[in-house]
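Here is what each chain is made of, one letter per residue.
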Amino acid sequence: MALRLAGKRGLNHFTKTLILNTTFRSYRSSTTISDSHQSKRGNDYSLFSTNGFVSRRFESTEAGSQLDVLSSDDDEEQNQLGVNFPGGRVAFTSEMTFLPESNEKRVQCYRVIDDDGYPLPSTQFHHVNKELAVKMYSGMVTLQTMDTVLYEAQRQGRISFYVTSNGEEAINLASAAALSSNDLILPQYREPGVLLWRGFTLQEFVNQCFGNKNDYGKGRQMPIHYGSQKHNYFTVSSPIATQLPQAVGAAYSLKMDKKDACVVTYFGDGSTSEGDFHASLNFAAVMEAPVVFLCRNNGWAISTPITEQFRSDGVVVKGQAYGIRSIRVDGNDALASYNAVRVAREMAINEQRPILIEALTYRVGHHSTSDDSTKYRPVDEIEHWKAARNPVSIFRKWVQRKGWWSDNEESEFRSNIRKQVIHAIQVAEKTEKPSLGYMFSDVYEEVPSNLIEQERSVRETIKRHPQDFPKDVPL
Amino acid sequence: MATNLKKLGSILTKQASLVRRLSSSPSLASDGANGKSINLYTAINQALQIALDSDPRSYVFGEDVGFGGVFRCTTGLADQFGKHRVFNTPLCEQGIVGFGIGLAAMGNRAIAEIQFADYIFPAFDQIVNEAAKFRYRSGNEFNCGGLTVRAPYGAVGHGGHYHSQSPEAFFCHVPGIKVVIPRSPKEAKGLLLASIRDPNPVVFFEPKWLYRLAVEEVPEGDYTLPLSQAEVIREGSDITLVGWGAQLAVMEQACIDAEKEGISCELIDLRTLIPWDKETVEASVRKTGRLLISHEAPVTGGFGAEISASIVERCFLRLEAPVARVCGLDTPFPLVFEPFYMPTKNKILDAIKDTVNF
């Protein structure tokens, strides 16, 4: 009862206190008096907040200062002992301290080479040999070139939709290079570089974008929704963040099978606002699942900048709240990305735990071919990331300085890939669409009677109104 | 919340005789001779035990599953199969189903429990956009056919808004999943084992009203009952009644009372709602010329509407009366007004008489 009254009366005072004392520090310094006072009265279970209100009220009274004499070390000991709570003992404190909303300094970003491709002094990183470096670099160029040609193809109306990975080539290829082909990928949709690294051919990419009969998805999904069982790359789906809790389930399976592999799941900054993101981090931590959460924080979720997406210091800090080890890495530094993912993978597998990586990067391209990003962000910003922070150029400088790549190789390689993509488009265009029967298969493992009936009905309609239907879908 | 619902058995004693009557109907007793009399949650428990025992790649998980579950369906399983195969999850339905999809996609049988069907909606996206399309969207490169989502559904007499709902119709609008609802312990065991082993994701709604109330002889061993096959559980000639789950017990009572007034009712348990067995219902309506559908879920947009439309399409000239629907009302499930809301025996009996005398 006394406490309740104190709390009530204390509320006004508390408000005043906040006005009088600009920092919590100065406020907190006076709490010891009343703490001892209360415990002597047997109110050991007092709530922190009420405690605070009481303390200020008594500080200014004579009674308060008299009670101060009664304080003893017993309280301190008891506070240190704390309470045995599920999850471990929690110490008590007489200091009312709110955890700050953020640390004073932003979490630093791990990098290995600077924007001119020079290694930073005393940076530790795993040596990347010529073969690996050239494969990573040529993969980045291939992705860049494929994006350019397919983006043009969409603009010419040859495919219905496209999404580029411009600006994010390094985190795509470098993360892929750091993994084993046995590691499972649950992608979002801006990570085709991982699939490219694993040997998905340009023709296979283009077939999917054209939805022809050689598309593994049988023409059922929009362009860029790649997937390949033999490459351990789960099929892309449009909804944001839905792959994340699935990644935990897949990782749990690897754990139970004692596989020397982990799951790597990719997502963007916008995904971290979805419930599935939080569900998955929490599940992964609790289940001790070997999964690497790789966030490409590219600054923009379509037109929404990260300042309107969250108030935390980015994504990296979200891991700790779930009990997940986390790192922030320069996603435009291929070597840093490679190293961080490589170590994350090792920890995930060897220690059977999830890891969160936040790769800082930038979406240089529009969100998709249905978007014009100059409507919502300054062109200067885009140009800066395209020029000064271009991950492909940065890595090229490093590789060329090593003497592993030359200007001649560059132009020859680019023109060669461009020709290959154009050729793949020509082939894909001539390849017929999947036949009508594929509209009804795979809904269930076996086609149920209602679908058999509906297929029959569609075929009758086609006979009656052939002009209503595309000619390039074989019946 | 669960502790209150455990009182179900004692509170609903009035209904007990009616449930037992359904359970011991001739069609049910036919091959249950070697079993013991058990209730529905025990039958579910047996099915889960067999699923875990017969396939080392099967897992059972959900909120409070580890200690046996709030309805006791997973009792003893963690002890028998270990905490790695039978385990608690954090309190997060989208996480449970998403996790289950990933687990199933790796070739496991993922048996997820959602504590109440009322709480399945956070997982709706994972079920509708992910599980249901997993095979189709990948061109069969991947599938999560090993996923079964179990959830107790339906009225219990005192469950109010959030422990009473019947959300089956939402899921019947989703190509790619199957929706299965058993009516009795023996059915529950066989249909659950079939659902777990079916190569497609299944949403399996368990009538929580019957967990303790429905008791019948259930074969002890491993058996499955076919999915997408309705069952005629009572033959008749004047009108066809179609239902599923707990509602069948109420419908059977109405059939018995109608018989006293000289009306012969045929009662069909649909068992699987999608893909559903139109043929069995159609054949029955061709015989009787009349159809009544009854479910607890609100009448508007309920699965009864789908059955009605399909049968009218197929049997229009044979129908001698409009198709009758005796269902829950279009209100949130109301606590105090539950007796008014429910599709009771006498509401059904009145509708039977109206339809026959149309």
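In the annotation of an unreviewed UniProt entry, the entry for chain B reads 3-methyl-2-oxobutanoate dehydrogenase (2-methylpropanoyl-transferring), and the organism field reads Artemisia annua.

Chain A is annotated in an unreviewed UniProt entry as 3-methyl-2-oxobutanoate dehydrogenase (2-methylpropanoyl-transferring) from Artemisia annua. The UniProt entry for chain A carries this comment under Sequence similarities (unreviewed entry): "Belongs to the BCKDHA family." Listed under Subcellular location (unreviewed entry) in UniProt, the entry text for chain A is "Mitochondrion matrix".

Novice: Any chance you could explain the overall build of chain A here in plain terms?
Specialist: Check the secondary structure of chain A and you find 18 helices and 9 strands. Taken across its 475 residues, chain A has 52% of its residues classed as buried. Carbon and sulfur atoms form 52% of the exposed surface of chain A, whose accessible area is close to 23000 Å².

Novice: How should empty space enclosed by the protein be read in this particular structure?
Specialist: Over the atoms, a rolled probe matching the size of one water molecule traces out where space is still vacant. Evaluation of the coordinates by the stated rule reveals 5 cavities of 30 Å³ or more. Lining the largest cavity, in full, are Leu186(A), Pro187(A), Phe234(A), Thr235(A), Ser237(A), Pro239(A), Thr242(A), Gln243(A), Gln246(A), Glu130(B), Phe134(B) and Arg137(B). Among the elements of the structure, α11 (243–256) of chain A together with α9 (134–137) of chain B are those that each provide at least two residues to the lining of the largest cavity.

Novice: What is the right way to look at the interface of chain A and chain B in this model?
Specialist: At the interface, 44 residues of chain A touch 46 residues of chain B. For the pair chain A and chain B, the two sides together bury roughly 3600 Å², of which 61% comes from carbon and sulfur. Together, Gln246(A), Phe283(A) and Tyr444(A) form the three largest contributors to the area buried by chain A at its contact with chain B, with a combined 19%. For the interface between chain A and chain B, the tally reads 2 salt bridges.

Novice: Sorry, what's going on with α11(A) here?
Specialist: Since the α-helix advances by 3.6 residues per turn, residues separated by three or four positions end up pointing in the same direction. Residues and elements named next belong to chain A. Counted at 1.5 Å a residue, the expected span for α11 with its 14 residues is 20 Å, and the 20 Å between its end C-alpha atoms agrees. α11 sits mainly inside the fold: 13 of its 14 residues count as buried. Positive backbone phi, at 50 degrees, marks Lys-258, one or two positions downstream of α11.

Novice: Hey, could you run me through a nonpolar patch on the surface in this one?
Specialist: Residue and element names in this part refer to chain A. There is a patch of nonpolar side chains on the surface, built from Val-83, Phe-85, Val-90 and Phe-92 and spanning about 330 Å² of accessible area. Within the element layout of this structure, Val-83 appears in strand β1 (residues 83–85). Judged by relative accessible area, Val-83 falls into the partly exposed class, the value being 32%.

Novice: Hey, could you run me through the layout of surface pockets in this one?
Specialist: The computed volume of the largest pocket comes to approximately 830 Å³. Around the largest pocket, the lining comprises 32 residues; the ones closest to its centre are Asn450(A), Gln454(A), Cys172(B), Pro175(B) and Ile274(B). For the lining of the largest pocket, the element with the most residues is helix α15 (residues 303–315) of chain B, which contributes 7 residues. Residue composition of the lining of the largest pocket, grouped by class: 17 nonpolar, 8 polar and 7 charged.

Novice: Help me understand the packing of helix α7 (residues 130–155) of chain A against helix α10 (residues 202–210) of chain A in this model?
Specialist: The axes of two packed helices give the description: the angle between them and the distance between them. All names here are of chain A. Between α7 and α10, the shortest axis-to-axis distance is 12 Å and the interhelical angle comes to 30 degrees. For the element pair α7 / α10, the angle class is roughly parallel. Regarding α7 and α10, the two cross each other, and that crossing is right-handed. Across the interface between the two elements, Thr-142, Met-146 and Leu-150 from α7 touch Leu-202, Phe-205, Val-206 and Cys-209 from α10. Residue composition of the contact of α7 with α10, grouped by class: 6 nonpolar, 1 polar and no charged.

Novice: Got a minute to help me understand the nonpolar core in this structure?
Specialist: Within soluble globular proteins, side chains that are nonpolar generally end up buried alongside one another. The biggest cluster of nonpolar side chains holds 131 residues, and the ones touching the most others in it are Phe293(A), Phe205(B), Leu270(B), Val281(B) and Ile307(B). The greatest single-element share of this core, amounting to 9 residues, is contributed by helix α5 (residues 40–54) of chain B. Membership of the second largest hydrophobic core comes to 74 residues, among which are Ala153(A), Leu173(A), Ile185(A) and Ala344(A).

Definitions and limits used
- Residues numbered from 1 in each chain as written.
- Chains lettered and ligands numbered in written order.
- Predicted model: local features only at pLDDT ≥ 70, side-chain atom pairs only at ≥ 80, totals over all residues.
- Heavy atoms only, no water.
- UniProt positions renumbered as here; feature names shortened; annotations may be inferred.
- Helix = DSSP H or I, 4+ residues; strand = E, 2+ residues; numbered from the N terminus.
- Buried < 20%, exposed > 50% of the residue type's maximum accessible area, 1.4 Å probe, protein only.
- Areas by Shrake-Rupley, 256 points an atom, 1.4 Å probe, with all protein chains shown as cover.
- 1 Å grid on protein atoms, 1.4 Å probe; cavity = no way out; pocket = protein on both sides within 12 Å on 5 of 7 lines; lining within 4 Å.
- Points joined across faces, edges and corners; volume = space filled by probe spheres on them.
- Contact = heavy atoms within 4.5 Å.
- Buried area = accessible area lost by both parts, 1.4 Å probe.
- Salt bridge = Lys/Arg side-chain N within 4 Å of Asp/Glu carboxyl O.
- Expected span 1.5 Å × (residues − 1).
- Patch = residues over 30% accessible without salt bridge, like charges linked within 9 Å, V, L, I, M, F, W, Y side chains within 5 Å.
- Nonpolar A, V, L, I, M, F, W, Y, C, P; charged D, E, K, R; others polar.
- Axes fitted to C-alpha atoms, helices over the stretch in contact; angles between N-to-C directions.
- Parallel < 35°, antiparallel > 145°, perpendicular 65-115°, else oblique.
- Left-handed = near helix turned anticlockwise from the far one by under 90°.
- Core = buried A, V, L, I, M, F, W, Y, C linked by side-chain atoms within 4.5 Å.

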